[in-house]
Amino acid sequence: METKPKNKLFTVKKLLILSILAIFVSWYSFDLNQYVSLDEIKLLQQSSGAYIADNTATAMGIFFAVYIAVTGFSLPGAALLTLLGGGLFGFGYGLLLISFASSLGATLAFLVSRYLLRDWVESKFGSRLTAINKGIEREGNFYLFTLRLIPVFPFFIINILMGLTKIKTRSFYVISQIGMLAGTAVYVWAGTQLGELESLSGIVSPSMIFALALLGIFPWIAKFVLNIVKQKQKYAQWTKPSSFDRNLVVIGAGAGGLVSSYIAAAVKAKVTLIEKHQMGGDCLNTGCVPSKALIKSAHIVADIKRAGEFGIDAKVESVDFKKVIGRIHKVIATIEPHDSVERYSGLGVECIAGEATILDPWHVKVGDKTLSTRNIVIATGARPIVPGIPGLDSVPYLTSDSLWNLEQQPKRLLVMGGGPIGCEIAQSFSRLGSEVTQVEMAPQLLGREDKDAVAIVHDELVHDGVKVLVDSRVTGFKSIDGQHYAQLADGSKIEFDQVFLALGRQANVTGFGLETLGIEMTDRGLVDINEYQQTSLPNVYAVGDVCGPYQLTHVAAHQAWFAAVNALFGALKTFATDYRVIPAVTYTYPELARVGINEAEAQAKNLDVQVTKYEIDDLDRAITDSETRGFVKVITAGNSDKILGVTIVASNAGELLAEYTLAMKYKLGLNKILGTIHPYPTMSEASKYVAGNWKKNNAPEKLLTLVARFHTYLRS
Ligand SMILES: Cc1cc2nc3c(=O)[nH]c(=O)nc-3n(C[C@H](O)[C@H](O)[C@H](O)COP(=O)(O)OP(=O)(O)OC[C@H]3O[C@@H](n4cnc5c(N)ncnc54)[C@H](O)[C@@H]3O)c2cc1C
């Protein structure tokens, strides 16, 4: 299957391109270039003197319009026109006219470039452009100002390139006008001496270029100094110790904290890890590990229920919920040593049990100890959101923190939330025998994923017995005579024994000193970090769920490397966290796995992409295993085989995703996947087949026609 989002403005663009081409063709066919010379400009000045004296306003208007047209369509001769402006109208009026005309013309060229080229450039170089756009967002005005001041950079190239970035049109105009003023003044003044000018090269001497360059660099120097002053001000209220006991103190021993301290110890830094509750944090104790262990038990039940399909007489007699929970705790205990104090102490990390409080940017208190440290990493994670719905306190509610201590399986479970956690838990409990109702406010479960992918997961949840209510909102809870009810916005009621809240996770940012430090937060209540994982106090870093943007174990671990390395070696070199290729999996049956963009995002951004799909019911191994529901969908850029994103729905989609994550990370396209041997019969062959579909859709038809003729010729 192949689809390409259509560009409705295509014809308008075509017309604009044709007009520009027509201007260029006429320019060169009428040899207008012959007039772009110093001698011609001098002649024009001499011959038009009388006309200008009689019709000054009209002459100014014509000059203004011509100047805008020349710069707007990036035609040659803007520098000569500037000289002419000085020669014709004198310094004052010349400067006034040209300053506005050049800025308007530059903005016109900028807009033409943005309109014609930006979408195309974005679809081709989208991921690389993101970094540039971020830089432009932060420093774009400075870059532009510097480029405008130094007349060695051709202005028409600056106009076109800036059009491809996300700089605001108004900023572009204002900065261009201010930035070009000095250079324009020099040229206009030179134009007032036009008669004596022998060549263009003398107008801007090397020393003049140097002076203008200095002027361009000045804002950077000013910014640099200002930054140092700001930093000093931020830290002014505290006294920095003259020496430190530690290089790094890490607060929180979840995925983010463990990896941060591991990296620090590996490079022989003195590092202390403080944990107030359980080593391993959320993932090991209340998140990924217990949920995946629960999913496995539920999966066994579902498999036994399907046994007849495979020719086996078997049925589920009963589910011993206590044993299911018991197994979950055994699984946690088996993995626990990986994250234990013993292991980390052996690696060279000083582990302290207790609640950490940050006293100032260099001191952390735990128990009666105060530790001094050069840098701090905040890895305090997040906790389940408990909404302020009326009556919630009067009913027995569970969160991912308390679920794993359940002694009895709820007969009727209400799951609030249709995100990955809500779906995994709803399906598992339903498979284990609870009557599950899942309520989601949005029109679909797993709101960020493609509709066709979610539809399969939704169907399976329903098939497993979950009553899925999308577009539904719980407005209140009530308990009457020991019976618990949820009131929905549409007036209906749901009876339940337990309600499980899966409504998102709130960062742990209070109660341990961030407020006193004045660490800045985002609108979503996360610790605000820059690309180096630094908070608003540069020696205090944050990783994982406490700062986002993705609340996933592997992202916390990924950020941890950057935080630790930047904290320990930032004086030598800093590394910006790389978010280009982030895989994520929802572990329902079937699993929904994704890396990069999906089809909906590509459409929303109006990217020029190809969507290639392979349905798994066609795959031999899927057929032998009766696991035929799902597909692999690959988004590629334009007509190239470059992979921008992959969505897989399949029983083991998470495992299948690894090949694409590697391919995207190391820029291997679908041709490379197609050329790789995949063992038969495996589910991984789906990757080869989707690459094959892409190849068929992009077959070189003309070449193949020639080849067919060649074969015909050989047969004749
Ligand atoms: C049910 C569920 C299933 C999940 N499944 C997956 C999955 O399959 N895959 C995936 O990638 N992610 C999954 N996640 C998300 C994953 O668990 C988190 O993204 C990950 O644990 C975040 O790690 P972290 O280091 O940021 O924080 P955490 O693991 O929460 O660790 C923070 C630690 O800081 C400690 N702490 C807090 N304040 C202090 C203080 N003042 N002093 C000392 N210690 C402190 C806490 O006790 C805690 O141990 C799941 C989450 C849940 C809830």
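Everything below is about the structure shown above.
Since this is a predicted model, take the numbers as computed values, not measurements. (Residues numbered from 1 in each chain as written. Predicted model: local features only at pLDDT ≥ 70, side-chain atom pairs only at ≥ 80, totals over all residues. Heavy atoms only, no water.)

1. Description of the packing of helix 10 (residues 288-305) against helix 11 (residues 321-335)
One can describe the packing of helix 10 onto helix 11 by two numbers: an axis separation of 9 Å at closest approach and a directional angle of 135°. Our classification of the angle between helix 10 and helix 11 gives oblique. Relative to helix 11, the crossing made by helix 10 is right-handed. Touching Val289, Pro290, Ala293, Leu294, Lys296 and Ser297 of helix 10 are Val324, Arg327, Ile328, Val331, Ile332 and Ile335, all from helix 11. Among the residues forming the contact of helix 10 with helix 11, the class breakdown is 9 nonpolar, 1 polar and 2 charged. (Axes fitted to C-alpha atoms, helices over the stretch in contact; angles between N-to-C directions. Helix = DSSP H or I, 4+ residues; strand = E, 2+ residues; numbered from the N terminus. Parallel < 35°, antiparallel > 145°, perpendicular 65-115°, else oblique. Left-handed = near helix turned anticlockwise from the far one by under 90°. Contact = heavy atoms within 4.5 Å. Nonpolar A, V, L, I, M, F, W, Y, C, P; charged D, E, K, R; others polar.)

2. Notes on the sheet that holds strand 21 (residues 631-637)
Each strand in a sheet pairs with its neighbour through backbone hydrogen bonds, running either in the same direction (parallel) or in the opposite one (antiparallel). An order of 18-19-22-21-20 is seen for the 5 strands of this open sheet, with the pairing classed as antiparallel. Two strands lie at the open edges of the sheet, namely strand 18 (583-586) and strand 20 (609-615), each paired on one side alone. Taken pair by pair, the neighbouring strands of this sheet meet at an average axis angle of 10°, ignoring direction. Pairing between strand 21 and strand 22 (residues 643-650): 6 bridges, direction antiparallel. Directly across from valine 632, in strand 22, lies its bridge partner isoleucine 648. (Pairing = 2+ DSSP bridges.)

3. A closer look at the pairing of strand 4 (residues 356-360)
Pairing analysis gives 4 bridges linking strand 4 to strand 5 (residues 363-366), with the strands arranged antiparallel. What sits directly across from isoleucine 358, in strand 5, is valine 364. A loop of 2 residues connects strand 4 with strand 5, the two strands running antiparallel in sequence.

4. Things to note about helix 16 (residues 553-569)
One full turn of an α-helix is made of 3.6 residues, so residues set three or four places apart face in the same direction. The terminal C-alpha atoms of helix 16, which comprises 17 residues, lie 24 Å apart, in line with the 24 Å expected from a rise of 1.5 Å per residue. Turning to helix 16, its buried residues are Val555, Ala556, Gln559, Ala560, Phe562, Ala563, Ala564, Val565, Asn566 and Ala567. Those residues of helix 16 that are buried are in contact with strand 1 (246-251), helix 8 (255-266), strand 6 (369-378) and strand 17 (540-542). (Expected span 1.5 Å × (residues − 1). Buried < 20%, exposed > 50% of the residue type's maximum accessible area, 1.4 Å probe, protein only.)

5. Topic: the side chain of threonine 636
Mapping threonine 636 onto the fold places it in strand 21. With near-sequence residues (within four places) excluded, threonine 636 lies in contact with Asp608, Val609, Gln610, Asp641, Lys642, Ile643, Leu644, Leu670 and Trp694.

6. Examining the site of the ligand
As a structural note, the neighbourhood of the ligand is formed by 37 residues, with Gly256, Glu275, Asp282, Lys292 and Asp545 the closest of them. Take lysine 276: an N or O atom from its main chain is 3.1 Å from a nitrogen atom of the ligand. Taken by itself the ligand offers 1000 Å² of open surface, and the protein chains cover 94% of this. Elements with a contribution of two residues or more to the shell around the ligand: helix 8, strand 2 (271-275), helix 9 (281-285), helix 10 and helix 16. Classifying every residue of the shell around the ligand by side-chain character gives 13 nonpolar, 17 polar and 7 charged. (Near = heavy atom within 4 Å. Polar contact = N/O pair within 3.5 Å; in protein donor to acceptor, adjacent residues only side chain to side chain. Areas by Shrake-Rupley, 256 points an atom, 1.4 Å probe, with all protein chains shown as cover.)

7. What about the pairing of strand 10 (residues 435-439)?
Judged by how many residues are buried, strand 10 sits mostly within the fold: 4 of 5 residues are covered. Two elements, strand 9 (residues 412-416) and strand 10, share 5 bridges in a ladder whose sense is parallel. Bridge assignment links leucine 414 to a residue of strand 10, and that residue is threonine 437. In this fold, the crossover linking strand 9 to strand 10 by way of helix 13 (residues 420-432) has right-handed handedness. Traced from strand 10 through helix 14 (residues 451-463) to strand 11 (residues 467-469), the parallel crossover comes out right-handed. (Right-handed = clockwise from strand over helix to strand, strands pointing away.)

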